[in-house]
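# Examination of the molecular architecture
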Number of protein chains: 8
Amino acid sequence: MALEDVLEAYKNGQIELNEALTGIRGAYFEDIGHTIVDHDRERRTGAGEVVFGSGKSAAQISDIVATLVANEANVLVTRLEPEKHAALTDLPNNAVYHADAQLLIWHAKPPAPLPHPIAVVTAGTSDINVAEEAALTAEFYGNQVSRIFDVGVAGLHRILARLDELRQARVLVVVAGMEGALPSVVGGLVERPVIAVPTSVGYGAAFDGVAAMLGMLTSCASGVSVVNIDNGFGAGFLANSINRL
Amino acid sequence: MALEDVLEAYKNGQIELNEALTGIRGAYFEDIGHTIVDHDRERRTGAGEVVFGSGKSAAQISDIVATLVANEANVLVTRLEPEKHAALTDLPNNAVYHADAQLLIWHAKPPAPLPHPIAVVTAGTSDINVAEEAALTAEFYGNQVSRIFDVGVAGLHRILARLDELRQARVLVVVAGMEGALPSVVGGLVERPVIAVPTSVGYGAAFDGVAAMLGMLTSCASGVSVVNIDNGFGAGFLANSINRL
Amino acid sequence: MALEDVLEAYKNGQIELNEALTGIRGAYFEDIGHTIVDHDRERRTGAGEVVFGSGKSAAQISDIVATLVANEANVLVTRLEPEKHAALTDLPNNAVYHADAQLLIWHAKPPAPLPHPIAVVTAGTSDINVAEEAALTAEFYGNQVSRIFDVGVAGLHRILARLDELRQARVLVVVAGMEGALPSVVGGLVERPVIAVPTSVGYGAAFDGVAAMLGMLTSCASGVSVVNIDNGFGAGFLANSINRL
Amino acid sequence: MALEDVLEAYKNGQIELNEALTGIRGAYFEDIGHTIVDHDRERRTGAGEVVFGSGKSAAQISDIVATLVANEANVLVTRLEPEKHAALTDLPNNAVYHADAQLLIWHAKPPAPLPHPIAVVTAGTSDINVAEEAALTAEFYGNQVSRIFDVGVAGLHRILARLDELRQARVLVVVAGMEGALPSVVGGLVERPVIAVPTSVGYGAAFDGVAAMLGMLTSCASGVSVVNIDNGFGAGFLANSINRL
Amino acid sequence: MALEDVLEAYKNGQIELNEALTGIRGAYFEDIGHTIVDHDRERRTGAGEVVFGSGKSAAQISDIVATLVANEANVLVTRLEPEKHAALTDLPNNAVYHADAQLLIWHAKPPAPLPHPIAVVTAGTSDINVAEEAALTAEFYGNQVSRIFDVGVAGLHRILARLDELRQARVLVVVAGMEGALPSVVGGLVERPVIAVPTSVGYGAAFDGVAAMLGMLTSCASGVSVVNIDNGFGAGFLANSINRL
Amino acid sequence: MALEDVLEAYKNGQIELNEALTGIRGAYFEDIGHTIVDHDRERRTGAGEVVFGSGKSAAQISDIVATLVANEANVLVTRLEPEKHAALTDLPNNAVYHADAQLLIWHAKPPAPLPHPIAVVTAGTSDINVAEEAALTAEFYGNQVSRIFDVGVAGLHRILARLDELRQARVLVVVAGMEGALPSVVGGLVERPVIAVPTSVGYGAAFDGVAAMLGMLTSCASGVSVVNIDNGFGAGFLANSINRL
Amino acid sequence: MALEDVLEAYKNGQIELNEALTGIRGAYFEDIGHTIVDHDRERRTGAGEVVFGSGKSAAQISDIVATLVANEANVLVTRLEPEKHAALTDLPNNAVYHADAQLLIWHAKPPAPLPHPIAVVTAGTSDINVAEEAALTAEFYGNQVSRIFDVGVAGLHRILARLDELRQARVLVVVAGMEGALPSVVGGLVERPVIAVPTSVGYGAAFDGVAAMLGMLTSCASGVSVVNIDNGFGAGFLANSINRL
Amino acid sequence: MALEDVLEAYKNGQIELNEALTGIRGAYFEDIGHTIVDHDRERRTGAGEVVFGSGKSAAQISDIVATLVANEANVLVTRLEPEKHAALTDLPNNAVYHADAQLLIWHAKPPAPLPHPIAVVTAGTSDINVAEEAALTAEFYGNQVSRIFDVGVAGLHRILARLDELRQARVLVVVAGMEGALPSVVGGLVERPVIAVPTSVGYGAAFDGVAAMLGMLTSCASGVSVVNIDNGFGAGFLANSINRL
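### Here we look at the overall build of chain A
For chain A, the count of helices and strands is 11 helices and 11 strands. Looking at chain A residue by residue over its 245 residues, the buried ones come to 64%. For chain A, the share of sequence-separated contacts (at least 6 apart) that also reach a separation of at least 24 residues comes to 64%. Looking at chain A as shown, the accessible area adds up to about 8600 Å², and 49% of this sits on carbon and sulfur atoms.

### Focus: the packing of helix 6 (residues 128-140) of chain H against helix 11 (residues 232-243) of chain H
A packed helix pair is summarised by two numbers, namely the angle formed by the two axes and the spacing between the axes. Residues and elements named next belong to chain H. Axis separation between helix 6 and helix 11 bottoms out at 7 Å; the angle between their running directions is 35 degrees. Where helix 6 crosses over helix 11, the two elements pack in a sense that is right-handed. Counting all contacts with helix 6, which are made through Val 130, Glu 133, Ala 134, Thr 137 and Ala 138, the residues of helix 11 involved are Gly 232, Phe 233, Ala 235, Gly 236 and Phe 237. Residue composition of the contact of helix 6 with helix 11, by class: six nonpolar, three polar and one charged.

### Observations concerning the relation of the copies chain B and chain A
After a rotation of 180 degrees and a shift along the axis of 0.0 Å, chain B superposes on chain A with an RMSD of 0.0 Å. Considering both components of the superposition, the chain copies are consistent with a two-fold axis. Minimal C-alpha distance to the rotation axis in chain B is attained by Val 226 of chain B, lying at 2.5 Å. Residue by residue, 100% of the interface of chain B is reproduced at the interface of chain A, so both copies engage with the same surface.

### Thoughts on the interface of chain B and chain A
The partner chain A presents 30 residues to the 30 residues of chain B that form the contact. Connecting chain B to chain A are two residue pairs in polar contact (both at pLDDT 80 or more). Going through the elements one at a time, helix 3 (41-45), helix 9 (182-189), helix 10 (210-217), strand 11 (224-226) and helix 11 (232-243) of chain B are the ones with two or more residues in the side of chain B that touches chain A. Among the elements that take part in the side of chain B that touches chain A, helix 11 of chain B stands out by supplying five residues, more than any other. Split into classes, the residues belonging to the side of chain B that touches chain A amount to 14 nonpolar, 10 polar and six charged.

### A look at the pairing of strand 6 (residues 103-106) of chain F
All names here are of chain F. Covered by surrounding structure in strand 6 are Leu 103 and Ile 105 together with Leu 104 and Trp 106, the residues of both alternating faces. Two strands pair when backbone bridges link them, and strand 4 (residues 75-78) and strand 6 are joined in this way by three bridges, in the antiparallel orientation. When the sheet's bridge partners are listed, Val 77 is paired in strand 6 with Leu 104. Linking strand 5 (residues 96-98) to strand 6, which pair antiparallel, is a turn of four residues; within it Gln 102 sits at a positive phi near 55 degrees.

### What to know about the pairing of strand 9 (residues 171-176) of chain C
Residues and elements named next belong to chain C. Within strand 9, six of the six residues are buried, leaving the element largely enclosed by the surrounding structure. Residues of strand 9 alternate between two faces, with Val 171, Val 173 and Val 175 on one and Leu 172, Val 174 and Ala 176 on the opposite face, all of them buried. Where strand 7 (residues 117-122) lies against strand 9, five bridges are found, and the strand directions are parallel. Within the sheet, the bridge partner assigned to Val 120 lies in strand 9 and is Val 173. Of the strand pairs in this sheet, strand 9 and strand 10 (residues 194-198) are connected by five bridges, and their pairing is parallel. Bridging from a neighbouring strand, Val 175 pairs with Val 197 of strand 10.

### Considerations on the confidence of the model for chain A
Counting all residues, the mean pLDDT for chain A is 88, and 86% of those residues have values of 70 or more. Across the predicted assembly, pTM comes out at 0.91 and ipTM at 0.88.

### Observations concerning the environment of Ala 99 of chain D
Residues and elements named next belong to chain D. Within the secondary structure layout, Ala 99 lies in the loop between strand 5 (96-98) and strand 6 (103-106). For Ala 99, a relative accessible area of 42% translates into the label partly exposed. Put simply, Ala 99 and Glu 81 are 18 residues apart on the chain and 7.5 Å apart in space, counted from C-alpha to C-alpha.

### Section: the packing of aromatic side chains
Tallying each qualifying case throughout the model produces 32 aromatic pairs over all chains. Centroid distance Phe 233 of chain E to Phe 237 of chain E: 5.7 Å. Interplanar angle 55 degrees. Geometry classified as tilted. Here Phe 237 of chain E and Phe 233 of chain E lie together in helix 11 (residues 232-243), a separation of four residues that amounts to about one turn. These aromatic residues form a ring-pair network of at least three members: Phe 140, Tyr 141, Phe 233 and Phe 237 of chain A. Lying over the aromatic face of Tyr 203 of chain B, Arg 79 of chain D brings its terminal NZ or CZ to 3.6 Å of the ring centre.

### A word on the environment of His 34 of chain H
If you trace the backbone, His 34 of chain H turns up in the loop between strand 1 (29-31) and strand 2 (36-38). Separated by 30 residues in the primary sequence, His 34 of chain H and Ile 64 of chain H place their C-alpha atoms 9.6 Å from one another.

### With respect to the side chain of Lys 56 of chain E
Mapped onto the elements, Lys 56 of chain E comes out in the loop between strand 3 (51-52) and helix 4 (58-70). Buried and without a salt bridge, Lys 56 of chain E has Asp 150 of chain G as its closest oppositely charged side chain, separated by 6.5 Å. In terms of polar contacts, Lys 56 of chain E uses its side chain to reach the backbone carbonyl oxygen of Phe 52 of chain E, at 2.8 Å. With sequence-adjacent residues up to four places away left out, Lys 56 of chain E is seen in contact with Ile 61, Ile 64 and Lys 84 of chain E together with Thr 125 and Ser 126 of chain G.

### A closer look at the pattern of salt bridges
Pairing is possible between side chains that carry opposite charge, provided their charged atoms lie close to one another. In this structure the tally under the stated criterion is 40 salt bridges over all chains. One salt bridge in this structure joins Arg 158 of chain B and Asp 150 of chain B, with 3.8 Å as the shortest N-O distance. Judged by relative accessible area, Asp 150 of chain B falls into the buried class, the value being 7%. Across the pair Glu 165 of chain D and Arg 162 of chain D runs a salt bridge, and its minimum N-O distance is 2.7 Å.

### Considering the sheet that holds strand 3 (residues 51-52) of chain F
All names here are of chain F. A sheet is described by the order of its strands in space; here four strands give the open sequence 3-4-6-5, paired in mixed fashion. Looking at strand neighbours, the two that pair on one side only are strand 3 and strand 5, the edges of this open sheet. Docked against the sheet, helix 4 (residues 58-70) engages strand 3, strand 4 and strand 6, running at close to 160 degrees with respect to strand 4. Lying over the sheet, helix 6 (residues 128-140) contacts strand 4, strand 5 and strand 6, oriented at roughly 15 degrees with respect to strand 6.

### A look at the side chain of Thr 122 of chain A
All names here are of chain A. Locating Thr 122 in the fold gives a position in strand 7 (residues 117-122). According to the relative accessible area criterion, Thr 122 is buried, its value standing at 0%. Among the polar contacts listed, one links the side chain of Thr 122 to the backbone nitrogen of Asp 150, at a separation of 2.9 Å. If sequence neighbours within four positions are ignored, Thr 122 has contacts with Asp 127, Ile 128, Ala 131, Ile 148, Phe 149, Asp 150, Val 151, Gly 152, Val 175 and Leu 182.

### Notes on helix 6 of chain H
Residues and elements named next belong to chain H. Between its first and last C-alpha atoms helix 6 spans 18 Å; for 13 residues at 1.5 Å apiece the expected length is 18 Å, and the two agree. When you tally the buried positions in helix 6, you get 11 out of 13 residues, the bulk of the element. For helix 6, the set of buried residues is Ile 128, Val 130, Ala 131, Glu 132, Glu 133, Ala 134, Ala 135, Leu 136, Thr 137, Ala 138 and Phe 140. Of the residues flanking the end of helix 6, it is Gly 142, one or two places downstream, whose phi is positive at about 100 degrees.

### A word on the sheet that holds strand 3 (residues 51-52) of chain B
Residues and elements named next belong to chain B. Read across the sheet, four strands follow the order 3-4-6-5 without closing on themselves; strand pairing throughout is mixed. Bordering the open sheet on either side are strand 3 and strand 5 (96-98), each of which pairs with just one other strand. Lying over the sheet, helix 6 (residues 128-140) contacts strand 4 (75-78), strand 5 and strand 6 (103-106), oriented at roughly 15 degrees with respect to strand 6.

Basis of the calculations
- Residues numbered from 1 in each chain as written.
- Chains lettered and ligands numbered in written order.
- Predicted model: local features only at pLDDT ≥ 70, side-chain atom pairs only at ≥ 80, totals over all residues.
- Heavy atoms only, no water.
- Helix = DSSP H or I, 4+ residues; strand = E, 2+ residues; numbered from the N terminus.
- Buried < 20%, exposed > 50% of the residue type's maximum accessible area, 1.4 Å probe, protein only.
- Contact = heavy atoms within 4.5 Å.
- Areas by Shrake-Rupley, 256 points an atom, 1.4 Å probe, with all protein chains shown as cover.
- Axes fitted to C-alpha atoms, helices over the stretch in contact; angles between N-to-C directions.
- Left-handed = near helix turned anticlockwise from the far one by under 90°.
- Nonpolar A, V, L, I, M, F, W, Y, C, P; charged D, E, K, R; others polar.
- Least-squares fit on C-alpha atoms with pLDDT ≥ 70 in both.
- Polar contact = N/O pair within 3.5 Å; in protein donor to acceptor, adjacent residues only side chain to side chain.
- Pairing = 2+ DSSP bridges.
- pLDDT = per-residue confidence, 0-100.
- Phe/Tyr/Trp six-rings, centres within 6.5 Å; stacked < 30°, edge-to-face > 60°.
- Lys NZ or Arg CZ within 6 Å of the ring centre and 35° of its normal.
- Lys, Arg positive; Asp, Glu negative; His and termini not counted.
- Salt bridge = Lys/Arg side-chain N within 4 Å of Asp/Glu carboxyl O.
- Expected span 1.5 Å × (residues − 1).

See below:
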């Protein structure tokens, strides 16, 4: 029973308050014990629920995925280590696991492709895993992704040589570790929103991504915002929500 | 002489390499001694140069503004304390100074209004100055702004009561100090991009905005990105660049 | 010989000062070499001594537990990893080990049940281990516990749907990682004391629970206090001491 | 019109949805431009809204106080510096300002006194201002307060000499700067809940209260929870909510 | 050739400047490739060179020990993990390894015993390994050590019951993790120098000993100084140098 | 009535328990409202109570000093800014104020001079204020002080030239800001205890003394312990307690 | 085709703009998928590209090395753990792997030796691995290196005895952990540039090299600059670029 | 009497040991009470002593300058605020004070000009004060300085347009606040040593220069080293010592 029907029935006196509340809850989400699966989220925020795999057991993730599959929702599990992926049960046959990006993806129905590309840019080779998490997330929601990798600021002509690709993108995800300077440079070259992703690449004073994060937050370029360290998923999700506007 | 003309003239042998380089530089920017005013920035990134007032003397700012005005560029000076504003010289008559947001605004030509509104939301009354910096910046570039103030999470019905306004916005700027929880709540209620602005409101373990900044970067809601502490300008600028897509 | 008797005997001159002091010491605690078991603690603070398992060897813990059992004291060992639990010796047969919460529990005499429930609330599924440490500790002391799990702020209707349960509790333990926003929301919905427990769930700028801890300490909701990161035991213990008032 | 009446009228078809929503909002709060005054808060959380004075202008505070007074709500303004207090307008005649604790207090109707005392304890003389903020807040809500000042751990007999007073309190607020050791000692002496307040007293490695805050969060005593640095109000508020159980 | 002889010979013209310099160097230390063994240190600072085992290979340590043994110097190797100890070669037969304190000790000639005892005190059982590093170091140099373990501040009568032993010590080493409050309490009870050793015992906001370290540095008790986290050796060494005065 | 007399009277039944407790309290300390003056401290810890001036009002300090003077105790007030000193009332005529060290000193009876000197050493000229706080404190308790100033490690011959003076001292207080390297060098040159005092001299990465503090805590020299940043008093007090052994 | 030829051909109309751009790109770098190998770097910055091994897979490194070898460029791979080195494929036969310094080195053509030596100095034995990374990097570029190891400041005569060697070097790399005091001492003894390398040697308040890093940045000696913690490569590279002047 | 003469006289028996030591001390430095002026420093390190003005009184600085002038040494006083400069006495007539860079400069004899220029580069206008401190210091020692200001990375063509000037410099000082990205870009464009100076320009997550400092320490460009935040003097001094090679 849809939410509107519940409310209508309650107003008409066909159901009591308790029944109405139960109905409202059922339309919204499903409690499977350890987790409350949010079936309303897609309607409410435009994107289905994503399963954050870290800190959940394989059994818990298997339960959640099964519930989503049963509801014909698209499935995206993030931060899923290979060993945990190997321990999952009852996965749909055509679910795809990306080991480097630690993502599991399954589509009940593939999304319609979006017309404009998103660029995912990295400073170095070591940033690629996080970048792939962003790129695959964006593709999961139907975006085209232009990958521009290893164009860090210590060799400027590398990024300048890709200027056309950069400027064709409607949104840019820029992934960098160490001093995290690339978003500032990209932000000065394009007029589009730049989502900066600090990575934990580096050592010593890089402090597992803190140096890059602070550098991106204090960027002298305008139009740059920042997500958490190594949060490729968050950047890809946000890029999609911007690209859909 | 436009950049294309310089290149054409150089190719045709009408000018030497040195002249070409000088011409290219002139088309791009103007060196006024202490500062290089970037006349090409609007073409390159879609928004004219903004003057970051902090750390510049009144004389330096007056010079830069005069150069921009002479080029018929719109003028936005940020972080301009009242005393420094009072010491500026040669301002255009109709320049407007907003003391709370510490912004100086002058339009050579007002921008065409954008069709969709931006929402600027604050957790508390004390966050309003930063929020106004964001809102006025967005308006400077032609955006309509819906102000939704003092709707922090400790009284949820306040934010729930404004749900319609929240959902009508195409982009949302959410400004909060202390624990900075509001962007997580807003991010769970809307499907649009949320730009979170931590403020230095609070004391003790708020650490001048660090608690809010960390909270926003680690938000459990997707679709949220973060700018620097108290960076209302950055949020308004980015909201505009997203809203223009 | 009870403490009062010792003092009486000393005053009456039946024993010398040295004897009196020895007697006073014996009534209070027992020195088993590496550890001083505090038999007076229950009288003094209303709750028997708890064994903090971390950093103690299996042999040391076995000694302490044996001493407590010999004194017919209830036994609670916290932070006991499964391997260390497996290495304990001379445990009472009916001691129960909870692997997720890393607690060992044995009752000499079960406590009388308390009339009012405590609520233990989590933001996500990954916070459940810490929440169970709190819930089982509270139950160890005779409290009824209402578990409300996975109701984080990014999907507000989840917490709103459990409002009745929240409001029936006399004390609330709210467990959250990442940005730690849930205690602020709960604190705004109920009139009861809220004990916030930051967890180390999250990555990057979550800094192993620091972001949540700072967020909770700077909560805009009143009536919230905070215990150490991942300190489920401390929250459960305090909830019991409040619930006994 | 009370909330129940609004809902009844809506169900009966006497009013439309829009009217119902407006009515619900009105019953809950009042929007005075910069601030949303929460008239429902007392019903919802058991305590009227408190005005956090820091970061608000004298004019804004005057508006809020006037709105509260008009609603016959008791008034507590915190973090109100003397100069700002002097600039307030339209205060009720018998409003009382406490300069050291930076509190403004006015009662529409004095609360009924609570039967059990709260103890407010400080380590040193320099912690008294924060302690008074806690004590006056608790008294504002009707609690009796037992003040036990300057009993820090470097002279143990000072605290031991006040043991009876400590043990008569139903809740204890313990205020300390520097290393913040006093709550651990008090927590080992009493069986009641201890609310620890770190203060910014100290210099160097005290880091404006951080040393005390960390010390209290990692206290070896059970039954201790912590509020923000210098947050006397929060401790007094929570002590009241515990004492009312 | 002793240093005085070298200088005399140089002044008398019996040797050239280069020879003199070589002679001076030889009297002072011996270069064994990776390490310069300092044979002059005992004369210069009153205590023989100690080998900091961490970061050195088993082969390097074996070389250094052999050089010291050949010079009939007493040997103390600190931070020597059991595996590295097992890999050492050519140890004297009667060298003693203490696994908990991670010390290797060998005496060429036992030191004369000192008349006054040192007290080594711990807050908890988990602090004992660090305390043993301090106690064994002090004993290595000829001090008597009074061990007073597990007397943390949450059960004050434990420390009060040992007051006589505390006051008999000429120097006190106080070892504590978590909030590190014990040195403040001990410092208020005795008139002797207190050397505080923070330990990495604890979790969460204990930050691997930082909370204890800050607490000890900001202690409200006078007469307390602090060594590095877990630096039992440093405390024992300093206690000896004070006790020898 | 002395403490022994109180106990005797109680044992003999001449006084009741309540009277006995009151008598014991009176012998120990005196409650003057805001502060508890500890008259027993000198007996208990070997040094009279010191007044920490920071955070206390001039009126409070005047009260405490008057109470001490009335008891014929020597008086040392630390962290007393010139303005606060000027506001004190009822000071003894011959009290001496040291503006640089911010100390007020008055002797009821001068202490007997100690036979061995203490050295107070600074790295730079800017560290002298803190060094004087240490030196004057040590002199207050009867120590002779050898001042060795401006001998920082960037010009080693300066410290080497004073080697004799360094080695004549029985205890050394070494005061340094910036990188705080001097205690490591001094600790390698002498066999006596070294008390290191980090100062807040420096800028940028000196972080108000944190760099020096960390450097001193991790000193490669043995026999070095550390007090709080700028804590000259603590160093002087501890040097005295060591020198009295 | 060299860059100059491309430009000439374009100016002469022999090639179109697109061809010109492609040619320019080809002369500069080569895109091998995951990585862009920068063949122009040597011309641009005077030193060939170095492969930062950390975070790259063995397959990626093998690709890059093969590309460099095919271009007859000298090869230096840094931060190459032994296991990853073992997994590399297609290495030239005479490539040399240094396990302690974690460097792989292969010369297409050995560089001409430079006339002046560089000194690489360490405070302790545990700093040697980082020092070797610096020394071998400098040797890779043709520098002579004078190794002066284990001359930390706690035994000053060790460094003083090597003063001649120190002063013969044209540039000095000084490597130290713990408090990182050695560069300050060396900087006061020589007139040459000193490159300070903090190492992660130490524990507790050494914070994995942070104490040393802060100490070096705030050094009281002039002429000292700092590279990242454990960044022996960076120091060796910079020493070479200075030594080539 | 020169040092060699002292040694000769001692060897020849013309003077006693004590006289020799006094003579050696006198040749080296001069003790003026609060400060030891180091007359040997120029011989030892190639540059005369510089007076760090911060934390010294005007009287102390006047003393030191007078001593240097009397020795005909060139004078450089750094961190000299205008008020303190105004309070100096007995300055030579032609001493020059630079208010922005807070430097006082006086030459006994101007240094011979060096053949190669140093470049001093800034990211923004707000970094100029620190840059001038570096530039004037370098000029004080005889260097030519090429100033390249306001060429931050958000407008890359600004720095690219000055490439020739950058490449003509033998050493580069690059000054930047906020994210501090400019040294990475410059380091990738030139083959010369780059000295990076983080500035405290910026707000929020810039943390008074920490973000820039960390960014520079973790720069992906090789050949970059870092000095303390705002340490223009240190950079200019080091640039000179490199340029003299």
